[in-house]
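One-letter residues, chain by chain:
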Amino acid sequence: MTETLIAKTPITHEHLSKAISYMQYLEMIDTLLAEGKTTGENHSEEMVEYTRMNMHRMYRMEKSVALDDEIVQLLLSVDNKMTWVVLTEAWCGDAAQNIPAIAKIADASPLIEVKLLLRDEHPEVMDAFLTNDTRSIPKLIVLDTDTLEVLGTWGPRPEPAQKLVQEAKDNNLPFKEMAEKLYGWYDKDRSRTLQQEFKCLLRNWAQLTFPQDRLLERCS
């Protein structure tokens, strides 16, 4: 799901000083798993196993995600500094499927920095960016680096995946069956839909150094 806005934010410089990079996030999860733990308060065997699977998913996504030429050129045209704050937890499957691609997209621009915050440690931030009144993650909040104004948000998953989840809920589909359908969609899509959504959103979030008339037409 996507949203574009300009607003004040509860995210402060203090929050950003505590936020971690994507690589630090992976290192943190590896350390927790070695201790038989995950992020948050629930360290049950089930939650730890979700986290272990998610590490495999993230490493697989890192290898399979390839940015197309159009989004790379768009990112190289970005002319304003942005901080992309991602609310996440290690046990979240949607986070594992999307954060590696978000990090790779941001890495293609020297003016974009990704920072990760754990949702349950920052409820005041999460509650300002709910999705349908729920604390769904991952949630990306795009900030102007200098002013910390909110330029836009994205999350918790691409539109077709969000539709799939909503239909599963409407039809009372068992969680396991819904999860199989959702992860099957992710495996086939390989972040292509996420990239397409970000191509449209970047024209609203970023100051660009070249005209985006054709992109505007495709996103309208």
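Criteria and thresholds
- Residues numbered from 1 in each chain as written.
- Predicted model: local features only at pLDDT ≥ 70, side-chain atom pairs only at ≥ 80, totals over all residues.
- Heavy atoms only, no water.
- Salt bridge = Lys/Arg side-chain N within 4 Å of Asp/Glu carboxyl O.
- Buried < 20%, exposed > 50% of the residue type's maximum accessible area, 1.4 Å probe, protein only.
- Phe/Tyr/Trp six-rings, centres within 6.5 Å; stacked < 30°, edge-to-face > 60°.
- Lys NZ or Arg CZ within 6 Å of the ring centre and 35° of its normal.
- Axes fitted to C-alpha atoms, helices over the stretch in contact; angles between N-to-C directions.
- Helix = DSSP H or I, 4+ residues; strand = E, 2+ residues; numbered from the N terminus.
- Parallel < 35°, antiparallel > 145°, perpendicular 65-115°, else oblique.
- Contact = heavy atoms within 4.5 Å.
- Nonpolar A, V, L, I, M, F, W, Y, C, P; charged D, E, K, R; others polar.
- Pairing = 2+ DSSP bridges.
- Arc of directions from axis to C-beta.
- Polar contact = N/O pair within 3.5 Å; in protein donor to acceptor, adjacent residues only side chain to side chain.

Enquirer: Even after reading the chapter, I still don't get the pattern of salt bridges, so can you show me in this structure?
Expert: Pairing is possible between side chains that carry opposite charge, provided their charged atoms lie close to one another. This model, assessed by the stated rule, comprises nine salt bridges. Here R135 makes a salt bridge to D127, at a shortest N to O gap of 2.7 Å. Assessed through its relative accessible area of 38%, R135 is described here as partly exposed. For D127, a relative accessible area of 39% translates into the label partly exposed.

Enquirer: What's the story with the packing of aromatic side chains in this structure? I'm lost.
Expert: Two numbers describe a pair of aromatic rings. These are the distance of the centres and the angle of the planes. Tallying each qualifying case throughout the model produces six aromatic pairs. Here the aromatic rings of F198 and W205 are separated by 5.6 Å at their centres, their planes lie at 80°, and the arrangement is edge-to-face. Residue F198 shares its accessibility class with W205, and that shared class is buried. Counting every residue linked through ring pairs, the aromatic cluster contains W84, W154, F198 and W205. One residue, R57, lies across the ring of Y183, its end atom 4.0 Å from the ring centre.

Enquirer: How should the packing of helix α7 (residues 159-170) against helix α8 (residues 175-189) be read in this particular structure?
Expert: When two helices pack together, their arrangement is given by the angle between the helix axes and the distance between those axes. The geometry of α7 relative to α8 is characterised by a closest axis approach of 10 Å and an angle of 170° between their N-to-C directions. Considering their axes alone, α7 and α8 lie roughly antiparallel with respect to each other. Between α7, through P160, A161, L164, V165 and A168, and α8, the contact on the second element is made entirely by M178, K181, L182, W185 and Y186. Split by residue class, the contact of α7 with α8 holds nine nonpolar, no polar and one charged.

Enquirer: Is there a simple way to explain the pairing of strand β4 (residues 139-144) in this structure?
Expert: Consecutive residues of a regular strand have side chains that alternate between opposite faces of the sheet. Most of β4 is tucked away: six of the six residues are buried. Here β4 shows two buried faces, one formed by K139, I141 and L143 and the other by L140, V142 and D144. As paired strands, strand β2 (residues 82-88) and β4 are joined by six bridges and run antiparallel to one another. Looking at β4, one finds that M82 is bridged to D144. In this structure, β4 lies alongside strand β5 (residues 150-154), joined through four bridges in antiparallel fashion. Of the residues in β5, the one forming a bridge with L140 is W154. Hairpin connection, β4 to β5: the antiparallel pair is bridged by five residues, and L148 has positive phi, about 65°.

Enquirer: Explain helix α4 (residues 69-76) to me, please; I cannot follow it from the model alone.
Expert: Residue pairs spaced three or four apart in an α-helix point in one direction, given the helix's 3.6 residues per turn. Among the residues of α4, I71, L74 and L75 are the ones counted as buried. Seen along its axis, α4 keeps its buried residues to an arc of 95°; they face one direction. Those residues of α4 that are exposed and angled more than 90 degrees off the buried face are D69 and L76. For α4, the side-chain oxygen to backbone nitrogen distance between the N-cap and E70 is 3.1 Å, and the N-cap itself is D68.

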